[in-house]
Every structure is written in C-alpha cells, then in structure tokens.
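Summary of the model geometry
Spelled out from the first residue to the last, the chains are:
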Amino acid sequence: MQSTTATTTTTTTNPTPCQKVDLEVSPLVRYDAIVSQGKVRLDNHQRSIIKHLDRLWRDLKQYSPQPAAISILADENTHNGVFSSFSKWFNSAKQNKDEDPSASTAWSPKSMYIYGDVGTGKTMVMDLFFDTLPITRKRRVHFHAFMLDIHARIHRIKTENPKLANPLAPIADDLLNDAYVLCFDEFQVTDIADAMILRKLFSELFARGIVLVTTSNRHPTELYKNGIQRQSFLPCIDLLLERCQVLSLDSGTDYRKIDRATSHVYFHPLNQNTLEQINAITRKLTHNKPMTPMKIDFLSRSLVIPHQADGVARVRFEDVCARSLSAADYLEIVKRFHTIILTDIPKMTMKHRAEARRFITFIDAMYESKVTLIASAENSIMEIFDAEQGEDEMDSGMRMMMDALDMTDISSPLFSGQEEAFAFQRALSRLVQMQSKEWVNKELS
Ligand SMILES: Nc1ncnc2c1ncn2[C@@H]1O[C@H](COP(=O)(O)OP(=O)(O)O)[C@@H](O)[C@H]1O
Ligand SMILES: [Mg+2]
C-alpha cells in the first residue's frame, strides 16, 4: 500500500512536487525553487498565500506549547493516568465553568484557513508548508479522517466513562501531545454530529495553543450552509473567524485539468472490447495469479472483497456503491490495495443519488491513499453524472424533507446541498487527475 493510515498521518498524502524535506528551507524558498526547476508554474495567487505561510512558518520556529501533563488515551490501561487526567480536566472545567476555554489562552501564532475552488493548489501549498516545517509535533490529515478518529475517541471514552460530560478536553490533551500544528485538508461540515462537536473541540484546541492550517472549498461563513440546526453552529464560525487568518486562493486555474500525459485506465462504454481490456490489465497487474476472496475485519464489521490478488482488488460498482457501505468501509478497502479495478460503473442520474454519493466517497478515499484506479463505465468521465434525467422522481420526496426541515436554497440539481455539488466537482477533477501518467501504477506506464 502506498498510503499511510486513514485516521492518523503525519506525512503528506496528496501528490506534491516537494518530496524532499529540507528542514531549514522555508515554504517561500521551496516554492520559488520548484518554480525555477519547472516542477510547477509560477502562480502569483499561490505565491501570496505562501508568503503568509512563510510568516507562520517563522513564527512557529519560536513557538512550542508544552504537552498536556497526562494523556488519558496514552494511559488508558492505568487507572492512575485516567483518573488524574479526569480530575485535572474536572478541576479546570470547574474553574472555567461558563467560560469559553479558548478565551484565556496565552499568545499563539494565528491559525490559517485557506479556501478556494477545486484544483487551485490549496493542498499543494499546505503540504509545502507542512513538509518544510522543522518540528516533529505536527500532523497532517484529511479532515474527514480526522473526524472519524474524533468520533472513535469519543465513543471509546464514553464507553469507558459514561458519566463524563465533556470527553473533548482529554481528547484535546491527547491531540496536543501528538502535535501542536494540525493541518487539515478539505475542511467541511456536512453533518449535524460534526457541527455540534466542532465548536467545543476547536475551543479546546485553541485553548491549548494548537495552531491549525486548513484548506477548504468555502469561506467559513459558508460552512454547513442549510445544515440542520445551523444556528448552533454559528459560534464555531465566529471562533474560526476570530482565530484564523482567512485567505482566498483564487487563481482561476484548475491545475488538475491541465494537459497531462494520460494513461489508459478508464474504459467505456460497457462492451466486449472494454471487458477484454479490463481482463488484460487485471492479468498483468496480478501477474496471472488467480484472484481469491478476502475478508476484511474491522471494528465490529466485516467486508468481503470477492476478487483480489497481489494488492489488486477487482470489484463491481453494484457491489461497492449500490450496497450501504460507508466512508469507514472505503477507507479500510483502500488501506489494503494499491490498485482497484472498479467495473460496470453505470451512468448516474437522479435515481442513483445514494450510489453517486458513495461513489464520490470511494473516489475521495482512493485519491487520498494514492490508489491506482482502473475503471470501466457506461459513459465518459465528464458524462458520468447526469443531473437531468429522473429529476422529478427524486424531487418530490427530497423536496418534502427539505421543506419540513425548512432547508431552502438547494442549488445543485443532482445533490441535496452545495457541499455535495463541491464533492461532485472535486470527484470529476480527481478522476481526471487519477488518469495521469504520474498517478497510475508504474506497471501500466
Ligand atoms: N502552480 C502549479 N503548477 C503546476 N501544477 C500545480 C500548480 N499548483 C498545483 N498544481 C498541481 O495541481 C493539482 C491540484 O492541486 P491541489 O493542491 O490538489 O488543488 P486543490 O487542493 O486546491 O484542489 C496537484 O497535482 C498539484 O500538484
Ligand atoms: Mg485539495
């Protein structure tokens, strides 16, 4: 597997032109170097963001918040550790009873929130910052994976200590012990559980002097737009605006779509010729070994991949996107295979909204883990989602629910909200990038 684990990663997961880590080269020096080496094009919008990151990079060299005294999660097997951590939290919670935990923080460098359209280089500039940052207590993680990790930690603490009112304080202690610079890629808020957790979590993180650098498709004031009980999320937006320098990266260029040499890894339409090509690639990548089923056990679930060999999984769209798999399932799959052959992708219309969402989640997981995707589909990439067909059928039920929840301003026709419209746009851009020669499994080039 080419990737690190989904939930915790301190290495970059996106392709970045700055592979070599030179500890004393600042982000701006690095950017100018890769521009002059011809690895990336000079983009003044990116460069101005990098200048801000460069300043933060310098500030962080003078900054080092102390780790929390005791980590609840690290000491979970020793009662002393757990109880002293709880009492520490309990006492500090009593002192600050109605206060915002982040209010009394000592000076720390201002966090940074970079937003803009798909493919403009947000992840690249953040990774450049992360890679050049000469500290060890830093963590770079996809936001989705980060939240899954937070949910798992909350669940664990709540199971062990049902009476504990606020598990986020000891969790924040533990996060601080690992890293005081957290880089989140693709920050977004799509469900109410995350929306409710985030305000408290971010307060706890800022209170400990943790510095965030985050990329997102939208300005903080646009987060969780149309979300259920958005009112309760507004303080989180205020906190972000207060604690972060908000920067727009709007170069107007989607670098993913810029002329790259492409490999032949996406086949359509679904006919005999396509099937033969997919079979030939399968044989090549598995070195003619027979494909066998693999059972994947994780948490309390298990999942069967019916055909796999040599780090290559072959799955049908119907089996992985038409069944109720979740992001956690896809993350488990991409951890185990360097190449996924996904066959029989239908044209997705309004009738396939659930499938389309899962497909996007699966693509995101593959992209994050740098998995090579070989695909066979009914349509070309650009026509994979058809928002026109079957609209009426979807509308009635969905619309009723939206009305009942007083959710208006639903602009994307195929999906229910703007978050998903972004996700859809991003999936297309990623599918295009995942065909590039620099992306795919070297055995195919
Ligand atoms: N200035 C540039 N010149 C050439 N390629 C670039 C440039 N900026 C970004 N890229 C490449 O374009 C792709 C998309 O960039 P990325 O940082 O993933 O965009 P975003 O996170 O904004 O969607 C990446 O492969 C990245 O390396
Ligand atoms: Mg990105």
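Residues numbered from 1 in each chain as written. Chains lettered and ligands numbered in written order. Predicted model: local features only at pLDDT ≥ 70, side-chain atom pairs only at ≥ 80, totals over all residues.

Digging into the overall build of the protein chain
The helix and strand inventory of the protein chain stands at 14 helices and eleven strands. Put simply, the protein chain has 445 residues, and 39% of those count as buried. Long-range pairs, those at least 24 residues apart, make up 81% of the contacts in the protein chain with a sequence separation of at least 6. (Helix = DSSP H or I, 4+ residues; strand = E, 2+ residues; numbered from the N terminus. Buried ≥ 20, exposed ≤ 12 C-beta atoms within 10 Å, placed from the backbone. Contact = placed C-beta atoms within 7 Å.)

Side note on the sheet that holds strand β8 (residues 301–309)
Across the sheet, which stays open at both edges, the six strands sit in the order β6-β11-β10-β9-β8-β7 with mixed pairing between neighbours. The strands lining the two open edges of the sheet, one partner per strand, are β6 (266–267) and β7 (292–298). Bridging between β8 and strand β9 (residues 312–316) involves three bridges; their strand directions are antiparallel. Note that in β9 the partner of H307 across the bridge is R314. (Pairing = 2+ DSSP bridges.)

Things to note about the sheet that holds strand β5 (residues 244–248)
A sheet is described by the order of its strands in space; here five strands give the open sequence β2-β3-β4-β1-β5, paired in parallel fashion. Both outer strands of the open sheet, β2 (138–142) and β5, are each paired with one neighbouring strand and no more. This sheet shows a mean twist of 15° between the axes of neighbouring strands, independent of strand direction. Pairing geometry for strand β3 (residues 181–187) and strand β4 (residues 211–216), over five bridges, is parallel. Among the inter-strand pairings, F187 is bridged to a residue of β4, identified as S216. (Axes fitted to C-alpha atoms, helices over the stretch in contact; angles between N-to-C directions.)

A word on unusual backbone geometry
Looking along the chain, the bond that leaves H268 and enters P269 is cis, with omega of -5°. Considering the arrangement of structural elements, one finds P269 in the loop between β6 and α9 (272–285). Of note in the backbone geometry, Y224 takes a positive phi value of approximately 55° without being a glycine. Taking the number of C-beta atoms within 10 Å as the measure of exposure, Y224 has 25 and is therefore buried.

Thoughts on the confidence of the model for the protein chain
Per-residue pLDDT for the protein chain averages 80, and the proportion of residues at 70 or more is 76%. The low-confidence segment residues 71–99, where pLDDT is below 50, has 32 contacts with residues more than four positions distant or belonging to other chains. (pLDDT = per-residue confidence, 0-100.)

Considering the pairing of strand β11 (residues 372–377)
Buried residues dominate β11, accounting for six of its six residues. Here β11 shows no split at all, with T372, I374 and S376 on one side and L373, A375 and A377 on the other all buried. Inspection of the sheet shows β6 paired to β11 by two bridges, in the parallel sense. Note on β11: the bridge partner recorded for F267 is S376. Inspection of the sheet shows strand β10 (residues 339–345) paired to β11 by five bridges, in the parallel sense. Opposite I341, over in β11, you have I374 as the bridge partner. For the crossover from β10 across helix α12 (residues 353–368) to β11, the handedness is right-handed. (Right-handed = clockwise from strand over helix to strand, strands pointing away.)

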